Amino acid sequence: MSGIDECLLEVMRLPGARGAAVVDWTSGLALGTIGDSPNGDHEATAAETAEVARMAAEQPAFALSDPEPSTGPDETAVTGTGTAPPVEDVIITTRAGYHILRFVETAFDSSVFLHLWLDRSDGNLALARIRLGEMAKRLVLA
């Protein structure tokens, strides 16, 4: 289990990592940042990526096809509906890189995600997605 700073340091060890943040998608505030920001402003990037995360998390088109709620330990409240968000992550591909938004599941009504900006030529999207998921599970928000 790690805090925000430790998590962000670990994210930056991924090959091709350019920058990362922990963002609250309800408010659009960055709870922690590290490295570069695509537009040079971590707060503006947090607000912009929060819009994308919110749109993905709240859209019925991405709702689970199974109407019965799960009671397993991984199915914690994130959107206030009593279930995990309908998406695990959002991947945006640009000519120069990838942006991975990984939702963090918590025992409380979480609205937090990890944002990783990954260089396309040096990064490995599959590896980054897997590792980001592992880090999100260990992240402790206090």
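To be clear, the structure that these remarks concern was listed above.
Owing to the predicted nature of the structure, the values given are computational and were not obtained by experimental measurement.

## Quick notes on the overall build of the protein
Of regular secondary structure, the protein possesses three helices and five strands. Secondary structure of the protein in N-to-C order comes out as α-β-β-α-β-β-β-α. Per-residue burial for the protein yields a buried fraction of 44% across its 142 residues. Considering only intrachain contacts with a sequence separation of at least 6, the fraction spanning at least 24 residues in the protein is 56%. Surface exposure of the protein reaches about 7600 Å², of which carbon and sulfur atoms provide 53%.

## Focus on the sheet that holds strand 2 (residues 29-35)
The five strands lie next to each other as 2-1-5-4-3, forming an open sheet whose pairing is antiparallel. Single-partner strands in this sheet number two, and they are strand 2 and strand 3 (89-93). Ignoring strand direction, the axes of neighbouring strands in this sheet form an average angle of 15°. Two strands pair when backbone bridges link them, and strand 1 (residues 17-24) and strand 5 (residues 112-119) are joined in this way by seven bridges, in the antiparallel orientation. Considered in strand 5, the bridge of Ala21 is made with His115. Along the sheet, helix 2 (residues 42-58) makes contact with strand 1, strand 2, strand 3, strand 4 (97-104) and strand 5, crossing strand 2 at roughly 120°.

Cut-offs and rules
- Residues numbered from 1 in each chain as written.
- Predicted model: local features only at pLDDT ≥ 70, side-chain atom pairs only at ≥ 80, totals over all residues.
- Heavy atoms only, no water.
- Helix = DSSP H or I, 4+ residues; strand = E, 2+ residues; numbered from the N terminus.
- Buried < 20%, exposed > 50% of the residue type's maximum accessible area, 1.4 Å probe, protein only.
- Contact = heavy atoms within 4.5 Å.
- Areas by Shrake-Rupley, 256 points an atom, 1.4 Å probe, with all protein chains shown as cover.
- Pairing = 2+ DSSP bridges.
- Axes fitted to C-alpha atoms, helices over the stretch in contact; angles between N-to-C directions.

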